[in-house]
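Examining the three-dimensional arrangement
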Amino acid sequence: MSLVVMATGGTGGHIYPAVATARELMARGHEALLLGQRGGMEERVAAEQGLPFQGVDAGKLARSGQGRPDPRELLRAVRGVAEARAFLSRTRPGAVVGFGGFASLPGVLAAQSLGLPTVLHEQNARLGLTQRLAAGRARAVGTAYPKVVGLPEGKATMVGMPVREERLPRAEALARLGLRDGPLTLLVMGGSQGSLALNNAVPDVLRGIFGETGTSPEGPVQVLHSTGPRWLEEVAPRVADLPWYHAVGYTDAVAAWSASDLAITRAGTGTLAEAAFHGVPLVMVPLPESAENHQLHNALSVQGAGRGGWLSNQPWPGGWGRRC
Ligand SMILES: CC(=O)N[C@H]1[C@@H](OP(=O)(O)OP(=O)(O)OC[C@H]2O[C@@H](n3ccc(=O)[nH]c3=O)[C@H](O)[C@@H]2O)O[C@H](CO)[C@@H](O)[C@@H]1O
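Conventions adopted
- Residues numbered from 1 in each chain as written.
- Predicted model: local features only at pLDDT ≥ 70, side-chain atom pairs only at ≥ 80, totals over all residues.
- Heavy atoms only, no water.
- Near = heavy atom within 4 Å.
- Polar contact = N/O pair within 3.5 Å; in protein donor to acceptor, adjacent residues only side chain to side chain.
- Helix = DSSP H or I, 4+ residues; strand = E, 2+ residues; numbered from the N terminus.
- Nonpolar A, V, L, I, M, F, W, Y, C, P; charged D, E, K, R; others polar.
- Domains from an automatic or database assignment.
- Pairing = 2+ DSSP bridges.
- Right-handed = clockwise from strand over helix to strand, strands pointing away.
- Axes fitted to C-alpha atoms, helices over the stretch in contact; angles between N-to-C directions.
- Parallel < 35°, antiparallel > 145°, perpendicular 65-115°, else oblique.
- Contact = heavy atoms within 4.5 Å.
- Salt bridge = Lys/Arg side-chain N within 4 Å of Asp/Glu carboxyl O.
- Phe/Tyr/Trp six-rings, centres within 6.5 Å; stacked < 30°, edge-to-face > 60°.
- Buried < 20%, exposed > 50% of the residue type's maximum accessible area, 1.4 Å probe, protein only.
- Lys NZ or Arg CZ within 6 Å of the ring centre and 35° of its normal.
- Buried area = accessible area lost by both parts, 1.4 Å probe.

As a further point, take the site of the ligand. The ligand sits among 24 residues. The nearest are Gly13, Ser226, Gly270, Thr271 and Glu274. The contact in question runs from an oxygen atom of the ligand to an N or O atom on the side chain of threonine 271, over 2.5 Å. Elements represented by at least two residues in the shell around the ligand include exactly helix H1 (12-27), helix H10 (269-278) and helix H11 (294-302). Broken down by class, the residue content of the shell around the ligand amounts to 4 nonpolar, 18 polar and 2 charged. Taken together, domain 1 (3-158) and domain 2 (170-310) each give at least three residues to the shell around the ligand, which thus spans both.

The following block contains the structure:
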């Protein structure tokens, strides 16, 4: 039994695969903890999921082509590496797994500077900046996609996307979300931060299609729209007169996927993998500002995979999709 540290943070796309991996390692008799930004989303998620957490400072490095890094952010990153080094020298884990994003950098760089084994997991079809900085000294890089742009040949192993492998019976999921059993259920989810574009467009479009009563030719419809915590106050009043339209700031994703028949989403890999695990068909709207347009690459990789999709934690045979 050894301790394995998951260096992660920033957004759900980097945090939830770390949670799923930590769970799997614990089930196999190892100790696991999440290491990320103190006060970041990862600290809240670790508490919710009952996982140990170590917080450090972390700073955002500017992406290439977007100007020089902010010196205050650089300083925070450097302080984060020093804090992570102190923690890792004390605990001497067997390995540190980096899930990408600026908050994973301190843990991974500190581990590499101490000579501890590091492994990376890249969730997107393009190698992220943090991963690029650490890939050279990592023992291995696991990828979610068969092909990852920016990764040297021979360095990567496709391992799939770790997802929380939990499903609820539909009736229980609907009850947990305060939704009715019966109507066709449509999920609108713009990723862990919400999506301004979906928030702006979708409520009016769906009002136009389903009217005041939420009726389609196939029968009644209901919508669960996760707006992102910042945007709920803006979206909620616009749908307050529609009894079939439920806007929330953040939702229990396991329940939401278990309850839904169709979803309108961005194209972060977490979202795509969870939809496949739950067999929910998607209308994908990739985030155009995603670093190097990686969400378009993600979406192109899965389009046409068919309802059912792939299973997590497994290489995806023949590219994408295992129909079920
Ligand atoms: C702005 C940004 O940096 N976005 C990136 C981030 O997106 P983001 O974190 O939004 O990406 P994902 O779609 O990969 O994951 C979202 C996660 O949040 C969860 N969730 C979301 C809403 C909700 O109400 N409840 C909930 O639990 C989902 O179930 C999922 O597990 O990581 C992705 C994967 O690296 C990248 O492709 C995105 O470009």
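Further remarks concern the pairing of strand E3 (residues 53-56). Bridging between strand E2 (residues 31-37) and E3 involves 4 bridges; their strand directions are parallel. Within the sheet, the bridge partner assigned to leucine 34 lies in E3 and is phenylalanine 53. You can see the chain leave E2, run along helix H2 (residues 41-48) and come back into E3, and the turn it takes is right-handed.

Attention now goes to the sheet that holds strand E7 (residues 156-158). Here 7 strands make up an open sheet; going across it, the order is E3-E2-E1-E4-E5-E6-E7 and the pairing parallel. Single-partner strands in this sheet number two, and they are E3 and E7. Looking at each pair of strands side by side, their axes are set apart by 25° on average, direction ignored. As paired elements, strand E1 (residues 3-7) and strand E4 (residues 95-98) share 4 bridges and run parallel to each other. Paired with valine 4 across the bridge in E4 is alanine 95.

We now examine the packing of helix H7 (residues 196-210) against helix H8 (residues 232-239). Put simply, H7 and H8 touch, their axes get as near as 11 Å, and they point 10° apart. Classed by the angle they form, the pair H7 and H8 counts as roughly parallel. Here Asn199, Asn200, Pro203, Asp204 and Arg207 of H7 come into contact with H8, specifically with Glu234, Val235, Arg238 and Val239. Residue classes in the contact of H7 with H8 are distributed as 3 nonpolar, 2 polar and 4 charged.

Taken as a whole and assessed by the stated rule, the structure comprises 14 salt bridges. A salt bridge links arginine 207 to aspartate 241, with the nearest nitrogen and oxygen atoms 2.9 Å apart. Pair noted here: arginine 207 is in helix H7 and aspartate 241 is in the loop between H8 and strand E11 (245-248), with a separation of 34 residues, a long-range link. Here the salt bridges share partners, and the residues they tie into one network are Asp57, Arg76 and Arg79.

Attention shifts here to the packing of aromatic side chains. A full pass over the atoms with the stated rule returns 2 aromatic pairs. A ring pair is formed by phenylalanine 210 and tryptophan 244, whose centres lie 6.0 Å apart and whose planes are at 90°; its orientation type is edge-to-face. Of this pair, phenylalanine 210 sits in helix H7 while tryptophan 244 is found in the loop between H8 and E11, placing the two residues 34 residues apart along the sequence. What makes tryptophan 244 buried here is its relative accessible area of 5%. Taken together, Phe210, Trp244 and Tyr245 form an aromatic cluster joined through their ring pairs. Between the NZ or CZ atom of arginine 44 and the centre of the ring of tyrosine 250, over which it lies, the distance is 5.3 Å. One residue, arginine 164, lies across the ring of tyrosine 16, its end atom 3.9 Å from the ring centre.

For the rest of this paragraph, the subject is the domain arrangement of the protein. Segmenting the protein into domains produces domain 1 (3-158) and domain 2 (170-310). Contacts between the two partners involve 15 residues from domain 1 and, on the opposite side, 11 residues from domain 2. The junction of domain 1 with domain 2 conceals about 1100 Å² of combined surface from both sides, 51% of it contributed by carbon and sulfur atoms. Considering only the surface of domain 1 that becomes buried against domain 2, Asn124, Arg126 and Tyr145 emerge as the three largest contributors, covering 45% of it. Taken together, domain 1 and domain 2 are joined by 0 salt bridges. Counting across the interface, domain 1 meets domain 2 through 10 residue pairs in polar contact (both at pLDDT 80 or more). Top contributing element to the side of domain 1 that touches domain 2 by residue count: H1, with 3 residues. Residue classes in the side of domain 1 that touches domain 2 are distributed as 6 nonpolar, 6 polar and 3 charged.

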